[in-house]
Each structure stands twice: as C-alpha cells, then as structure tokens.
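Analysis of the macromolecular model
Here's the letter readout for the chains.
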Amino acid sequence: ATITPRGKGVPVELGRGVMMDCLAGAPQPARGLTVGIASFEPSAALPCHRHTFAEALTLIEGAATVDVEGRIHSLRRFDTILIPAGRAHQTRNSS
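What comes next concerns the included structure. (Residues numbered from 1 in each chain as written. Predicted model: local features only at pLDDT ≥ 70, side-chain atom pairs only at ≥ 80, totals over all residues. Heavy atoms only, no water.)

A word on the overall build of the protein chain
Selection rule: Counting from the N terminus, the helices are the DSSP runs of H or I reaching at least four residues and the strands are the DSSP runs of E reaching at least two. Note that the radius of gyration is over C-alpha atoms, with the globule rule given as 2.2 Å times the number of residues to the power 0.38. Only protein chains enter the accessibility calculation, which uses a 1.4 Å probe; a residue is then buried when its area is under 20% of its type maximum, exposed when over 50%, and partly exposed in between.
Across its full length, the protein chain carries zero helices and eight strands. Starting at the N terminus and ending at the C terminus, the protein chain contains elements arranged as β-β-β-β-β-β-β-β. Since a compact globule built from 95 residues should have a radius of gyration of about 12 Å, the 13 Å found for the protein chain is in line with a globular shape. Principal-axis analysis of the C-alpha atoms gives the protein chain an extent of 40 × 25 × 25 Å. By the burial criterion, 31% of the 95 residues in the protein chain qualify as buried.

Set out below in structure tokens:
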C-alpha cells in the first residue's frame, strides 16, 4: 500500500478558490474511494452539485456552511457531515 503524505498528493482544482490535495482516488490508483484535503480561500464556495456516492466532510480549521437541499449546516473545527449519494449540496468557507 502507498501512503501519500499531506501536501504531496495530486493537486486538483475543484472550483474558483477551492483546491484539493488528492491523497487517494482518481487520479491516484485507489478504486471506489477518494480521499483528499480541500482548501477554500476566504468566501470561496463550490457550486451546488450532486454525486453518485456519499460524501463525508470533516472541517479541520475555520468555519464552513454546507447547504444540503436547502437545509443549512454550520460546521466548526472537527465537525463532520455525511452527505448521502444523490443529494444536492453546496459548501462555502464562512470563516
């Protein structure tokens, strides 16, 4: 198994002001799983979108607002949210 240290993954731009350090999953050689650390610039947000898979978000620092089909969740350091597959959602840096 390969362990990719933080900061050494494949950089992926998810949206304007949002970068992900991809530690496992596409474009890495993992299958059926993507793991990464996303960094949001101040006030940056991802547009509303859906996935065919569930998504777990854990906030490492700062504050975030996650809108899941109109239900607003405010996240602080170390909060985690699970977004079920197929649910429309948007994430914003609210720090």
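Digging into the sheet that holds strand β1 (residues 10-15)
Counted only if it meets this: Strands were regarded as paired on the criterion that DSSP finds at least two bridges between them. Lines are fitted to the C-alpha atoms to define the axes, a helix being fitted only along its stretch in contact, and any angle between axes, read from their N-to-C directions, falls within 0 to 180 degrees.
One open sheet accounts for three strands, arranged β1-β2-β3; its pairing is antiparallel. With partners counted over all chains shown, the strands left at the sheet margins are β1 and β3 (35-40), one partner each. Between one strand and the next, the sheet's axes are offset by a mean angle of 30 degrees, whatever the strand orientation. Sheet topology note: the β1/strand β2 (residues 18-24) ladder contains five bridges and is antiparallel. Paired with V12 across the strands is M20, a residue of β2.

Here's the deal with the sheet that holds strand β8 (residues 89-93)
The strand order β6-β5-β8 describes an open sheet built from three strands, whose pairing is antiparallel. The sheet is open, and its two borders are formed by β6 (71-75) and β8, each paired with just one other strand. Direction aside, neighbouring strands of the sheet carry axes that sit 15 degrees apart on average. Strand direction decides the pairing type here: strand β5 (residues 64-68) and β8, joined by five bridges, are antiparallel. When the bridges of β8 are listed, D67 appears paired with Q90.

What about the pattern of salt bridges?
Going by this rule: The salt bridge definition used is simple: a Lys or Arg side-chain nitrogen within 4 Å of an Asp or Glu carboxyl oxygen.
All told, the structure shown has one salt bridge when counted by the stated rule. Close ionic contact of R50 with E69 constitutes a salt bridge, the shortest N to O distance being 3.6 Å. Pair noted here: R50 is in the loop between β3 and β4 (55-58) and E69 is in the loop between β5 and β6, with a separation of 19 residues, a long-range link. Look at R50 and you get exposed, because its relative accessible area is 55%.

Points about the nonpolar core
Formally: Nonpolar core, defined: a set of buried Ala, Val, Leu, Ile, Met, Phe, Trp, Tyr and Cys residues in which side-chain atoms within 4.5 Å join the residues together. In this description, contact between two residues means that some pair of their heavy atoms is separated by no more than 4.5 Å.
Counting residues in each nonpolar core, the largest one holds seven residues, listed as L59, A64, V66, V68, L75, I81 and I83. The set of elements that each furnish at least two residues to this core consists of β5 and β7 (80-83). In terms of residue count, β5 provides more of this core than any other element does, three residues in total. When residues no more than four places from it in sequence are discounted, the contact partners of L75 are L57, L59, G62, A63, A64, V66 and I81.

Remember, this is a structural readout, not a statement about activity or role.
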